[in-house]
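# An overview of the molecular structure
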Amino acid sequence: MARTKGLSRVWSPPPHNPTEVAREALKQLALQKLAPTPDNYARVYHDILQVPANQELKLAGELYRSLEALPGQTPSQQALLTRFRQETDKGHWEVLPTIAIDYVTQSRNATSLAEPWGALLQQLIKQWDVEHWDRGQLHRRASLERVLLAFGNQPAELNRTLSNLVKQWATQSDDSNGDDARSAAPPPPLGADWQLVRRLLQLSFKYGIEPRVQLHPALAEAYQVLLTEISELGDDLDLNNFLTQLRNFFFSLELHNKGEESLAVALRDVLSLLLENIAEFYRPDSYLTDQISALQGLLSDEPLTLDSVGQLEASLKEVIYQQGILKSSLDKAANELRSLLDRFIDRLSLITESADSFQEKLTQHRQQISQASEMSELTHIVAALMDDTTGLQLNLAESRDELTATRSQMQEAELRITELEAALAAASSRVQEDQLTGAFNRDGLAERLEQEILRAERNGQPLCLALLDLDDFKKLNDNYGHLVGDEALKHLVDTLRREIRPADVLARFGGEEFVLVLPNSAEHETLRTIQKLQQSLARVPLTAGSERLVMTFSAGVARWQSGMLDVELIDRADRAMYLAKLAGKNRVLLADDDSPPTVLDEVSSR
Ligand SMILES: Nc1nc2c(ncn2[C@@H]2O[C@H](COP(=O)(O)OP(=O)(O)OP(=O)(O)O)[C@@H](O)[C@H]2O)c(=O)[nH]1
């Protein structure tokens, strides 16, 4: 864990509270004088947790592999696997244990029954009517009720236990009852696919439950017990015990979460209030306004989870941290400038004073010269005149040097301020960046698109928007894995960025969908640009191991018209893109200006 550059840290246990970790991470960034980029932040964050930064990705990959290897025998199991995958894609780890448990339960229920139900029920009725059986019907009823109560909603287990019970009735065992029936035959061992299911359970526990119990010692202890039990589960009996304990555990967890949810809602209200007030009292400042609108965007995302509150806190801290750096640097620069100017003014008045007194002295010397009768008198006057002149020259030279120094210091201070402002602008845009690809996120897009629409409204220049969607991306994910899928998204953004103009705005709209805003670009020019982008993407395949994967995308282009809302513009491009997909993919379609975008000009990129 020695990745803290240049600092030897005394080992101390890592903090558990995510807020503490975030706070410590920001402190370390400042101490190590590292720019607060997402990468640096993630690295320091994981250093503090003493977990390698890429471990989460590695485990996620393992989870996928386990998932793919699982047999999806019944339609309902397959449906569960699909849901499992979707939730994993969305990062909803907290629901994974429940899905994994449902899968396990269904898997057990799907295993073959000890006896066909028909035959078993026939046996049961037959034994029920046997009269010479010494314990009588009351006893049989009690045994049957116990079995039904215990296994009523677990068909496979019910079948096996009933079958044992009926066998015991048949052999007229003295003290046969439900419990004996269970122990009469050894429970079947868990099947071969159990190793996979166990791994799946462990991983979903790690992601789904562990982060939610860290702040609750009692729950964390119960969680550890359950985690240990997973690796010790050997047969159906263990599994049933485990599932009962797990249900109780989920119940307690749910209670805690209810409390946390209301806390989170209260916290959100307080934060909203705080942000509104900061926005009202602070002087207009584009950095701060950007940050505040980004934070307000995060706040309005429903539902608010503890994770998102943590994220909010971290973003707010970055704002405060950056604001602090800028403020103290600006204060320092302003003080330096102030004292430079003070010295300059002092010097100026000194020059003026010495020039004034020099003039007076010159007049005096002129009078003395006109009245002098002897050479020796004149010699004195000339000596005095020279002294005065030298004094003035010295003063002037000093002033010139000082002025030159002042000017270069002022230039340095100006440069520093410009650099700081640029760093701040970069930090501001990071809040509006998609973490994976570095393109703008939806917040960033909303702000830029609004600006471009206002600009187009003002100057009457054309404005076009294109919606791009990678083709067959699911297949790529399925064939090469999610991590290669992520690389493909980054590759697309890098390729597009190389081609577009600095004024064009590229944003990730969601999943594998991207929006390109092209100011001062008419429809046909935009279509040509998009086709050029398609050709560039085809020319530079993505390298995945030894394979080179050619990617394509479909796109819809819409032109903004006066009075059109941003959502309408996106919607038109989206519908044109959808039709481009229907028309065979890898092409770009233009939404018609005057009618709904069902009538389209097609410009095939092939
Ligand atoms: N690797 C990766 N996959 C993602 C990400 N976001 C969404 N996906 C996946 O993108 C895929 C999108 O699939 P679909 O909507 O069916 O689209 P498609 O396969 O490209 O099909 P067409 O659009 O019709 O060509 C899903 O499998 C998602 O899991 C991401 O950030 N990374």
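You'll find the structure just up there.
Nothing here was measured: the structure is a model prediction, and the numbers come from that model.

Here we come to the overall build of the protein chain. When helices and strands are tallied, the protein chain shows 20 helices and eight strands. In the protein chain, which comprises 606 residues, the share counted as buried stands at 39%. Considering only intrachain contacts with a sequence separation of at least 6, the fraction spanning at least 24 residues in the protein chain is 65%.

To continue, consider the environment of Gly460. Within the secondary structure, Gly460 sits in the loop between helix 16 (442-459) and strand 1 (463-470). By relative accessible area, which is 62% here, Gly460 ends up exposed. Between the alpha carbons of Gly460 and Ser562 there is a distance of 8.7 Å; along the sequence they are 102 residues apart.

Negative phi values dominate among residues other than glycine, just as trans dominates among peptide bonds. Unlike most non-glycine residues, Asp472 shows phi in positive territory, near 50°. With respect to the helices and strands, the residue Asp472 is situated in the loop between strand 1 and helix 17 (473-480). Judged by relative accessible area, Asp472 falls into the partly exposed class, the value being 36%. Residue Asn586 is not a glycine yet carries a positive backbone phi of 50°. Structurally, Asn586 can be placed in the loop between helix 20 (566-582) and strand 7 (588-591).

One can describe the packing of helix 6 (residues 117-129) onto helix 8 (residues 155-170) by two numbers: an axis separation of 10 Å at closest approach and a directional angle of 35°. Crossing angle aside, the handedness with which helix 6 passes helix 8 is left-handed. For the pair helix 6 and helix 8, contact is made by Trp117, Leu120, Gln123, Leu124, Gln127 and Trp128 and by Pro155, Leu158, Asn159, Leu162, Ser163, Val166, Trp169 and Ala170, respectively.

Right, let's talk about the packing of helix 16 against helix 20 for a bit. Close contact between helix 16 and helix 20 brings their axes to 10 Å; oriented N to C, the two are set at 105°. Relative to helix 20, the element helix 16 lies roughly perpendicular. Residues Leu445, Leu449 and Ile453 of helix 16 lie in contact with helix 20, whose contacting residues are Asp566, Leu569 and Ile570. Of the residues assigned to the contact of helix 16 with helix 20, the class counts are five nonpolar, no polar and one charged.

It is worth spelling out the packing of aromatic side chains at this point. Taken as a whole, this structure holds zero aromatic pairs when the rule is applied. Here the guanidinium or amino end of Arg442 rests over the ring plane of Phe509, the centre of that ring lying 3.9 Å away.

Time to look at the nonpolar core. Across soluble globular proteins, you tend to see nonpolar side chains buried next to one another. Judged by nonpolar contacts, the single largest core of 30 residues is most densely connected at Ile530 and Phe553. For this core, the secondary-structure elements that each account for two or more residues are strand 1, helix 17, helix 18 (482-499), strand 3 (513-519), helix 19 (523-539), strand 4 (542-544), strand 6 (553-559) and strand 7. With six residues, the single largest contributor to this core is helix 18. In contact with Phe553, other than residues within four places in its own chain, are Leu468, Asp469, Leu470, Asp471, Leu492, Leu496, Ile530, Leu533, Gln534, Leu537, Asn586 and Arg587. Core analysis: the second largest hydrophobic core is formed by 25 residues, Ile101, Ile209, Leu233 and Leu239 among them.

Turning next to the pairing of strand 6. Looking along a regular strand, one sees the side chains alternate between the two faces of the sheet. Counting buried residues in strand 6 gives six out of seven residues, a clear majority hidden from the surface. Summarising the sheet, strand 6 and strand 7 pair through three bridges and their orientation is parallel. Looking at strand 7, one finds that Val557 is bridged to Leu590.

The residue Asp469 is located in strand 1 in this model. Only 2.9 Å separates the side chain of Asp469 from the side chain of Lys581, close enough to count as a polar contact.

Here we take up helix 16. Taking 1.5 Å of rise per residue, 18 residues should cover 26 Å, and helix 16 covers 25 Å from first to last C-alpha, within 8% of that figure. One side-chain oxygen of the residue at the start of helix 16 lies 3.1 Å from the amide nitrogen of Asp443, identifying that residue as Asn441. One or two residues past the end of helix 16 sits Gly460, with phi positive at roughly 70°.

Turning our attention to the pairing of strand 3. The element strand 3 is largely enclosed, with a buried count of seven among its seven residues. Going residue by residue along strand 3, you find Glu513, Val515, Val517 and Pro519 tucked away on one face and Phe514, Leu516 and Leu518 tucked away on the opposite face as well. Of the pairings in the sheet, the one linking strand 1 to strand 3 comprises seven bridges and is antiparallel in character. By the bridge assignment for strand 3, Leu468 is matched with Phe514. The pairing of strand 2 (residues 505-510) with strand 3 spans five bridges and is classified as antiparallel.

Moving on to the environment of Leu226. Residue placement: Leu226 occurs in helix 11 (residues 217-232). Here the alpha-carbon distance between Leu226 and Gln245, two residues 19 residues apart in the chain, equals 8.0 Å.

This structure, assessed with the given rule, holds ten salt bridges. Arg508 is the partner of Asp434 in a salt bridge, and the nearest nitrogen-oxygen pair spans 3.3 Å. One end of the pair, Asp434, is in the loop between helix 15 (375-431) and helix 16; the other, Arg508, is in strand 2, with 74 residues separating them in the sequence. Given the relative accessible area of 14%, Asp434 is considered buried. Two residues, Lys474 and Asp478, come together in a salt bridge whose shortest N-O distance is 3.0 Å. Remark: Asp478 and Lys474 occur in helix 17; sequence separation between them is four residues, near one turn of the helix. With a relative accessible area of 59%, Lys474 lands in the exposed category. Judged by its relative accessible area of 33%, Asp478 falls in the partly exposed class. A single salt-bridge network, built from bridges that share partners, covers Asp469, Asp471 and Lys581.

Calculation notes
- Residues numbered from 1 in each chain as written.
- Predicted model: local features only at pLDDT ≥ 70, side-chain atom pairs only at ≥ 80, totals over all residues.
- Heavy atoms only, no water.
- Helix = DSSP H or I, 4+ residues; strand = E, 2+ residues; numbered from the N terminus.
- Buried < 20%, exposed > 50% of the residue type's maximum accessible area, 1.4 Å probe, protein only.
- Contact = heavy atoms within 4.5 Å.
- Axes fitted to C-alpha atoms, helices over the stretch in contact; angles between N-to-C directions.
- Left-handed = near helix turned anticlockwise from the far one by under 90°.
- Parallel < 35°, antiparallel > 145°, perpendicular 65-115°, else oblique.
- Nonpolar A, V, L, I, M, F, W, Y, C, P; charged D, E, K, R; others polar.
- Phe/Tyr/Trp six-rings, centres within 6.5 Å; stacked < 30°, edge-to-face > 60°.
- Lys NZ or Arg CZ within 6 Å of the ring centre and 35° of its normal.
- Core = buried A, V, L, I, M, F, W, Y, C linked by side-chain atoms within 4.5 Å.
- Pairing = 2+ DSSP bridges.
- Polar contact = N/O pair within 3.5 Å; in protein donor to acceptor, adjacent residues only side chain to side chain.
- Expected span 1.5 Å × (residues − 1).
- Salt bridge = Lys/Arg side-chain N within 4 Å of Asp/Glu carboxyl O.

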